[in-house]
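Spelled out from the first residue to the last, the chains are:
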Amino acid sequence: VATTTYNDTVAAADLGEELPTADSSPPPKNLTSLISLPNGCLAGVAGNELCFSDPYMPYSWPVRNRYAFAGVGVAAIAASNSVIVLTETYPILYTGSDPEAMSGSTLETYAPCVAKRGVVDLGGAALYPSFDGLWLVSTQQIQCITRKLYREEEWTVLNPTTFDATFHDGRYYAYYEGELASRMLVLDIESPDSVTEVDESADALYRNELDGKLYIAKGQKLYEWDVDSGHYYESDWESVALQFPAPVKFVAAQVHADFSAIVPVDTSQITANAALIALGADEVAGHLNGAELLEMEINGSYIVPVELATARRVQFTLYADELPVFTKNVTSSRFFRLPANINTDLYAIGLNASVNVYNVTVAESVEELSRTSA
């Protein structure tokens with residue numbers, strides 16, 4: 001303590017290496033959307049800055065590795081060594097292999113990200129909700145893939161700011177709290193010309209990378225998606241109303257579907273329960289003192305609870321002048337006749353099904369239907 005001076009006589013050649021983190025800083029406190037890059041860097045968004053760590057030094061976030069941009073960042077997606085930054089205005093692409101020399105370019109398409117939890121990583125591309133649809137952004141392109149499916153006012157009803165999404169089995173799954181209902185939107189990336197909306201609620205969606213399965217959290221329970229072969233969601237589909245130049249009389253229709261999946265529902269247990277009830281209360285043992293103590297659960301009986309499987313069916317409906325005028329339960333791909341008294345210029349087709357439906361055709365003659373099917 002009493003020593004006030006020190007004579008430094010060590011030669012420069014005898015010194016150790018220079019402290020590599022002398023100009024480093026910890027990561028910003030408001031850092032979000034942490035991702036890793038192939039060059040060993042971590043990257044994240046902090047307000048209006050894209051920040052990088054030094055390669056293979058996740059604790060070192062020097063100021064020289066920070067890049068400011070216009071607007072406020074929402075999420076970041078890795079695309080090889082490049083980074084796609086989604087903002088409240090325009091997406092921005094940063095390219096480069098060195099975190100000290102990244103080059104940023106604004107993609108000149110106004111497509112703000114309106115829900116951070118609605119962003120999914122497609123492996124080199126980002127899929128996310130905006131105010132007018134679902135946008136796909138990569139290093140090569142930017143496009144709204146739902147433009148042909150939703151008008152802007154229709155998309156707004158889904159309330160895209162509430163999207164909570166994940167990517168599983170080639171599909172974009174997003175739960176949303178819409179203005180009219182809370183549902184799950186399912187979009188197949190390979191077939192973006194159609195979309196499914198499932199009447200299902202969820203508190204969180206998660207695709208497990210270890211087993212490749214999709215899980216849904218609801219309250220205090222966790223469910224695996226698409227594993228119960230006995231219970232399917234029934235699908236409802238209705239075409240747009242088609243206006244013809246003159247009244248048309250359709251004669252026949254045909255539906256192609258997975259009719260082999262239509263199996264009768266097993267109601268044998270319901271029959272057994274009914275027979276037991278018919279024998280009287282003593283046989284059911286559902287009344288007070290109906291069974292010996294500890295023989296069955298409290299408030300129990302010999303009636304077996306039944307949870308019926310989903311009825312497998314394909315129901316065709318023809319609409320004329322916006323009213324249902326004909327319906328039929330279709331059980332095969334054979335054509336069927338339509339009522340002869342329907343003659344109008346405004347038609348639509350509806351399907352209710354719990355099996356896969358591939359296509360539906362209506363025609364003005366059986367011969368025309370045969371040519372179309374062939």
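Parameters and conventions
Residues numbered from 1 in each chain as written. Predicted model: local features only at pLDDT ≥ 70, side-chain atom pairs only at ≥ 80, totals over all residues. Heavy atoms only, no water. Helix = DSSP H or I, 4+ residues; strand = E, 2+ residues; numbered from the N terminus. Buried < 20%, exposed > 50% of the residue type's maximum accessible area, 1.4 Å probe, protein only. Pairing = 2+ DSSP bridges. Axes fitted to C-alpha atoms, helices over the stretch in contact; angles between N-to-C directions. Phe/Tyr/Trp six-rings, centres within 6.5 Å; stacked < 30°, edge-to-face > 60°.

Engineer: It is not clear to me how unusual backbone geometry should be interpreted in this structure. Could you clarify?
Structural biologist: For residues other than glycine, phi is negative in most cases, and the peptide bonds are mostly trans. Phi angles above zero are rare outside glycine, and Y56 is one such case at about 60°. Tracing the backbone shows Y56 in the loop between β3 (49-52) and β4 (66-68). Y56 gets classed as exposed once you look at its relative accessible area, which sits at 63%. Phi is positive for D226, which is not a glycine, with a value near 60°. With a relative accessible area of 67%, D226 lands in the exposed category.

Engineer: What should I look at first to understand the sheet that holds strand β8 (residues 103-106) in this one?
Structural biologist: Strand pairing in a sheet is mediated by backbone hydrogen bonds. Such pairs are either parallel or antiparallel. Spatial ordering of the open sheet is given by β5-β6-β7-β8, a layout of four strands whose pairing is antiparallel. One side of each edge strand has no neighbouring strand; the edge strands of this open sheet are β5 (73-79) and β8. Each neighbouring strand pair of the sheet contributes to a mean axis angle of 20°, computed without reference to strand direction. Here four bridges tie strand β7 (residues 92-95) to β8, and the two strands are oriented antiparallel to one another. Residue I92 lies in a different strand from β8, and its bridge partner there is T106.

Engineer: Could you clarify how one ought to interpret the packing of aromatic side chains in this entry?
Structural biologist: In this description, an aromatic ring pair is defined by two values, namely the gap between the centres and the angle between the planes. Throughout the structure, instances matching the rule amount to 14 aromatic pairs. For the pair F250 and Y347, a centre-to-centre distance of 4.8 Å together with 70° between the ring planes defines the contact as edge-to-face. With F250 in the loop between β21 (242-248) and β22 (252-257) and Y347 in strand β26 (residues 344-353), this pair connects stretches of sequence that are 97 residues apart. There is no split in this pair, since F250 and Y347 are both buried.

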